[in-house]
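Now for the letters of each chain:
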Amino acid sequence: MRIATFNINNINKRLENLLEWLEETQPDVVCLQELKAEQKAFPLQAIEAAGYGAVWKGQQSWNGVAILARGSQPVMTRDHLPGDKTDDQSRYIEAAVRGVLVASIYAPNGNPQPGPKFDYKLKWLERLHRHATALRKSGAPVVLAGDYNVAPTEIDIYPTRSWDDDALIQPESRAAWRKLVGRSWTDALRVLHPDERIYTFWSYLRNRYERDSGLRLDHFLLTPDLAEQLVGAGVDREVRGQPEASDHAPVWIELDR
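Note that the structure is a prediction, hence the values are computed from the model and not measured. (Residues numbered from 1 in each chain as written. Predicted model: local features only at pLDDT ≥ 70, side-chain atom pairs only at ≥ 80, totals over all residues. Heavy atoms only, no water.)

Bringing the overall build of the protein chain into the picture now. Helix and strand content of the protein chain: six helices and twelve strands. Since a compact globule built from 257 residues should have a radius of gyration of about 18 Å, the 17 Å found for the protein chain is in line with a globular shape. C-alpha extents for the protein chain along the principal axes are approximately 45 × 45 × 40 Å. Counting only residues that meet the buried cut, the protein chain has 57% of its 257 residues in that class. For the protein chain, restricting intrachain contacts to residue pairs at least 6 apart in sequence, the fraction spanning at least 24 positions comes to 69%. Accessible surface computed for the protein chain: about 11,300 Å², of which carbon and sulfur atoms make up 49%. (Helix = DSSP H or I, 4+ residues; strand = E, 2+ residues; numbered from the N terminus. Rg over C-alpha atoms; globule rule 2.2 N^0.38 Å. Buried < 20%, exposed > 50% of the residue type's maximum accessible area, 1.4 Å probe, protein only. Contact = heavy atoms within 4.5 Å. Areas by Shrake-Rupley, 256 points an atom, 1.4 Å probe, with all protein chains shown as cover.)

Here it is in structure tokens:
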């Protein structure tokens, strides 16, 4: 079972890239983030023509998350992160697919910091931690996939001082990530590649993709039962190099189930 996550950075603008990648790699489940499309503008017809069912939560101009399933229809269980009834940003969706509960996550960026956006980021990650704990305690096999907007350690960002003030690498952001992972969740990409500099995001600025000046922001967290089934994980880096590409590349895991 191949599950992928891809911050598409505007699904309609990059639909051709997405469809080409789906055709080439045939993932069973795809979590998308940053749709940048309101609910009715989601390109369902094209997605279904590619062989995928979909659930999504759109938002005009910003945010937006979706879950695609090859040859089946995901059963949506939640379209928002609990814990704040005033939060109307489309950053979380959850669905059952082939016996696995899958969440597509688009955590807040948090810049500029310090400030209200950084405060929102930390509060959002704390809400995610509480919900993730409840999911784990339910006993369901769970995959939390998406763009967490945290580079967890120094190995997850290219050697530089230029990002020192960025919210993605602040001590508070990294502490929130460590608290979320805790002792029960498995960071799938890192457990299989413990010492490698693996990046999933390259800014459009200063030829950072061509220089491989990237960050690892897109992650999979697995419950213990699924961690035992993990047999592969990687990044489809070349997708980032295509014309009109997203600034993220697709990330994937394979489960033996």
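Counting residues in hydrophobic clusters, the biggest one holds 27 residues, and the most contacted among them are Ile3, Ile67, Val143, Phe220, Leu222, Ile253 and Leu255. With 22 residues, the next largest nonpolar core counts Tyr92, Ile105, Tyr120 and Ala176 among its residues. (Core = buried A, V, L, I, M, F, W, Y, C linked by side-chain atoms within 4.5 Å.)

Another aspect to go through is the pairing of strand β10 (residues 218–222). Within β10, five of the five residues are buried, which leaves the element mostly enclosed by the surrounding structure. Examined bridge by bridge, strand β9 (residues 186–187) and β10 share two bridges and lie antiparallel to one another. Bridging from a neighbouring strand, Asp187 pairs with Leu221 of β10. (Pairing = 2+ DSSP bridges.)

Let us now look at helix α1 (residues 15–25). Residues Leu15, Asn17, Leu18, Trp21 and Leu22 constitute the buried set of α1. Angular distribution of buried residues about the axis of α1 spans 160 degrees; they occupy a single face of the element. Turned more than 90 degrees away from the buried face of α1, the exposed residues are Glu16, Glu23 and Glu24. Among the structural elements, β1 (2–7), β2 (29–33), α2 (44–49), β3 (52–57) and β4 (65–70) are those in contact with the buried residues of α1. Positive backbone phi, at 50 degrees, marks Gln26, one or two positions downstream of α1. (Arc of directions from axis to C-beta.)

The amide bond that connects Asn111 to the next residue, Pro112, takes the cis arrangement and shows omega of -5 degrees. The omega angle of the peptide bond from Gln113 to Pro114 is -5 degrees, so this bond is cis rather than trans. By the element assignment, Pro114 lies in the loop between β7 (100–106) and α3 (116–137). Although it is not a glycine, Ser61 adopts a positive phi angle of roughly 75 degrees. Its place among the elements puts Ser61 in the loop between β3 and β4.

With that out of the way, let us pick up the pattern of salt bridges. As enumerated under the stated definition, the model contains 14 salt bridges in all. Two residues, Arg130 and Glu126, come together in a salt bridge whose shortest N-O distance is 3.8 Å. On the criterion of helical spacing, the pair formed by Arg130 and Glu126 is a turn pair, its members being four residues apart in helix α3. Residue Arg174 pairs with Glu154 through a salt bridge whose shortest N-O separation is 2.6 Å. Within this pair, whereas Arg174 is found in helix α4 (residues 171–181), its partner Glu154 is found in the loop between β8 (142–147) and α4, the two being separated by 20 residues in sequence. A relative accessible area of 10% places Arg174 in the buried class. (Salt bridge = Lys/Arg side-chain N within 4 Å of Asp/Glu carboxyl O.)

The subject of this paragraph is the packing of aromatic side chains. As enumerated under the stated definition, the model contains five aromatic pairs in all. Consider the rings of Tyr148 and Trp177, whose centres lie 5.2 Å apart with planes at 85 degrees: the pair is edge-to-face. With Tyr148 in the loop between β8 and α4 and Trp177 in helix α4, this residue pair connects regions lying 29 residues apart in the sequence. Judged by its relative accessible area of 0%, Tyr148 is buried. Trp177 sits in the buried class, given a relative accessible area of 7%. Ring centres 6.5 Å apart and planes at 90 degrees place the aromatic pair Trp163 and Phe201 in the edge-to-face group. Placement of Trp163 in the loop between β8 and α4 and of Phe201 in the loop between α5 (188–192) and β10 is noted, with a sequence separation of 38 residues between them. Per residue, the accessibility class of Trp163 equals that of Phe201, and both read buried. The side chain of Arg2 reaches across the aromatic face of Trp252, ending 3.9 Å from its centre. (Phe/Tyr/Trp six-rings, centres within 6.5 Å; stacked < 30°, edge-to-face > 60°. Lys NZ or Arg CZ within 6 Å of the ring centre and 35° of its normal.)

For the rest of this paragraph, the subject is the side chain of Asn9. In this fold, Asn9 is placed in the loop between β1 and α1. With a relative accessible area of 7%, Asn9 lands in the buried category. Side chain to side chain, Asn9 and Lys36 meet in a polar contact 2.8 Å long. A distance of 3.2 Å separates polar atoms of two side chains, one belonging to Asn9 and the other to Tyr204. Every residue in contact with Asn9, bar those within four places of it in the chain, is listed here: Arg14, Gln33, Glu34, Lys36, Tyr204, Ser246 and Asp247. (Polar contact = N/O pair within 3.5 Å; in protein donor to acceptor, adjacent residues only side chain to side chain.)

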